[in-house]
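# Observations on the three-dimensional arrangement
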Amino acid sequence: MKQAVQSDGSSSTQLDPLQQSFTRWLFRAYLDLGPVPVEAPHHLHGLDFGIHALMEDTAYPRIQSALNPSFRDALVQETGLAQYNIKSPSELPSSLRQPRWTFMCEQIQSFESLSSLSQVRLAWLLGKLCLQDFLLELVPEIGAEQVASSNENASLAYLRAYSRCRLNIDDAANPYSLDEFKEIALHAPPGIARIDAHYQMISQSVKARGDLTAADYWQEKHLQAIESSRSEIDEFNHLLVMSRYHRVGGFLPQMRKDVEGVVREMDLAEQYALALPRRSEPERIAADEMLYPVYESRTKEALWLEDFDLAEERALKTVALSPYDARAWLHLGQVYCDRENPEDALRAYLRAVRLAPPGAEIAWFMAGQCYEALDDLESACNSYLASLQTDPLGLSAVEQLVEVSQRLGHSAIFRWAQGRLEQLQQRVEGLPEDQAEPYKLFAKPGGLSAERQEHS
């Protein structure tokens, strides 16, 4: 705490601004690389491991979870800390920097003289900080010949491609092509970058394109990349990439409506994740972080199979693995919605609101849906307004707000929402429709009704 002298000469205690709200405290590392709470979501531990690896010049377990630049924008908006709205680490005033942030800036200034491995570690850290624009400025373009020359060059090329992909997810106007990962997959030497690039080829062939032929082709190459790189990665990372290989592989039989094939692949993904060693606290965190998306995917698998008891069991496991991650509560809320249990769904969505970002706009919208199901229209109205406060472009939220405000007789809200709806409808005309996730894209087994398939 600091003592501030007031105009009358007395003193008052000033709290650290980053301690003044739970959200600021929990996500502080994104703002100044301050301490990461033990209970923090896994992506925050990715920041912590990243700066430790850079400062100590040693390897730390890989944290897979990473967020888009829009998360950083949402965090600044949620916390009200406009002074942390930066695009480059050097833009943060010296008075706001923690020692770890200062060290990172020093490494950036001497980037060209760093060892190739330190360059990779610094680039990973910048990506985890959601500073992808700056990463692209710092790391030069790397051609196929350079990619083939070393694992470090291949990793830097991968991080450039991954940054462009993340930026494109936020805004389709940002340039990106899947061929960027394809070039790395084709030219990288045996090692983690080769494996990662193959994983992106199979993952994006499924999620972004729904291309089963390409998915089959790249999944075979994916396994070859893992096998050819076995001597280049340690046992922990081998188990990690094998779990990930089978998890993404579960999409292929799902696209074919092969139930047994999906279960077989996901069983293997879970077995490899459970086999990850936990010999240290960093390994425990990284092992939990790899198990989390397995149970997340297995929850979707159970919903696809309409086994709602199993879906709830698995969703509760994701919450147990990362209880302060809003995304875990969003998934649990969806399970309760599918179970037509609005009371428990509402509780889950309100927990997600408390822990956001990311996902505050989704959590508020779904809370509104739950309140409507519970015939509490005033609370539903408040929820849709809160959703639009977080995401002013939320078309679904404003559509529901028009309906609810009209039913409640809130004329001013209705007129505003109706005008806003017209603006948003004009904005989206001609824009391509977002493609659903794979588990939503393909018909379910067992002759599910069209309405149920659409909303599953």
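Given the structure is predicted, the values throughout are model-derived calculations rather than measurements. (Residues numbered from 1 in each chain as written. Predicted model: local features only at pLDDT ≥ 70, side-chain atom pairs only at ≥ 80, totals over all residues. Heavy atoms only, no water.)

### Points about the packing of helix α11 (residues 192-207) against helix α12 (residues 212-228)
We count it as follows: Note on method: axes are straight lines fitted to C-alpha atoms, helices fitted across the in-contact stretch only, with angles between N-to-C directions ranging 0 to 180 degrees. In this description a helix means any DSSP run of H or I spanning at least four residues, a strand means any run of E spanning at least two, and both kinds are numbered starting from the N terminus. Angles are sorted into four bins: roughly parallel if under 35 degrees, roughly antiparallel if over 145, roughly perpendicular if 65 to 115, and oblique for all others. What makes a crossing left-handed is the near helix being turned counterclockwise from the far one by less than a right angle; a clockwise turn instead makes it right-handed. Only heavy atoms matter for contacts: two residues are in contact if any of them lie within 4.5 Å across the pair.
Contact pair α11 / α12: the axes reach a minimum separation of 9 Å and the direction vectors enclose 165 degrees. Classified by the interaxial angle, the pair formed by α11 and α12 is roughly antiparallel. With respect to the hand of their crossing, α11 and α12 are arranged in left-handed fashion. Residue-level contacts link R194, I195, H198, Y199, M201, I202, S205 and V206 of α11 to A214, A215, W218, Q219, K221, H222, A225, I226 and S228 of α12.

### Brief notes about the nonpolar core
Let me state the cut-off plainly: For this analysis, a nonpolar core means a set of buried residues of the types Ala, Val, Leu, Ile, Met, Phe, Trp, Tyr and Cys, connected via side-chain atoms within 4.5 Å. Exposure is judged per residue with a 1.4 Å probe applied to protein chains only, and the accessible area is read against the type maximum: over 50% gives exposed, under 20% gives buried, and values in between give partly exposed.
Core analysis: the biggest nonpolar cluster contains 67 residues, and Y30, L44, M104, L122 and L126 have the highest contact counts within it. It is helix α9 (residues 151-170) that provides the largest number of residues to this core, a total of eight residues. Filtering out sequence-adjacent residues up to four positions away, L126 remains in contact with P89, M104, I108, L131, F134, L135 and L138. Membership of the second largest hydrophobic core comes to 66 residues, among which are F236, L240, A302 and A348.

### Remarks on the environment of K182
The residue K182 is located in helix α10 (residues 179-187) in this model. The class for K182 is partly exposed, based on a relative accessible area of 34%. The spacing of K182 and E399 is 217 residues in sequence and 41 Å in space, taken between C-alpha atoms. Excluding its chain neighbours within four sequence positions, the residues that come into contact with K182 are M201 and W218.

### Description of a nonpolar patch on the surface
Let me state the cut-off plainly: Surface patches are defined over residues having more than 30% relative accessible area and no salt bridge, joining like charges when they lie within 9 Å and nonpolar side chains (Val, Leu, Ile, Met, Phe, Trp, Tyr) when within 5 Å. Residue burial considers only the protein chains on display, and all accessible areas are found by Shrake-Rupley using a 1.4 Å probe. A carboxyl oxygen of Asp or Glu within 4 Å of a side-chain nitrogen of Lys or Arg is what we treat as a salt bridge.
The grouping of F22, W25 and Y324 at the surface amounts to a nonpolar patch, some 270 Å² of accessible area in total. Inspection of the secondary structure puts W25 in helix α1 (residues 22-26). In this structure W25 comes out as partly exposed when scored by relative accessible area, which is 34%.

### As for helix α23 (residues 411-428)
An α-helix turns once per 3.6 residues; consequently, residues spaced three or four apart project the same way. So the rule is basically this: The length a helix should cover is 1.5 Å for every residue beyond the first. This arc is taken over the directions from the axis of the helix to the C-beta atoms.
With 18 residues, α23 should reach 26 Å at 1.5 Å per residue; the first-to-last C-alpha distance of 26 Å fits that figure. Among the residues of α23, F414, A417, R420, L421 and L424 are the ones counted as buried. Axial view of α23: buried residues confined to an arc of 135 degrees, hence all on one face. Away from its buried face by more than 90 degrees, α23 exposes R415 and Q426. Residues of α23 that are buried sit in contact with α22 (395-408).

Shape descriptors only; they carry no functional weight alone.
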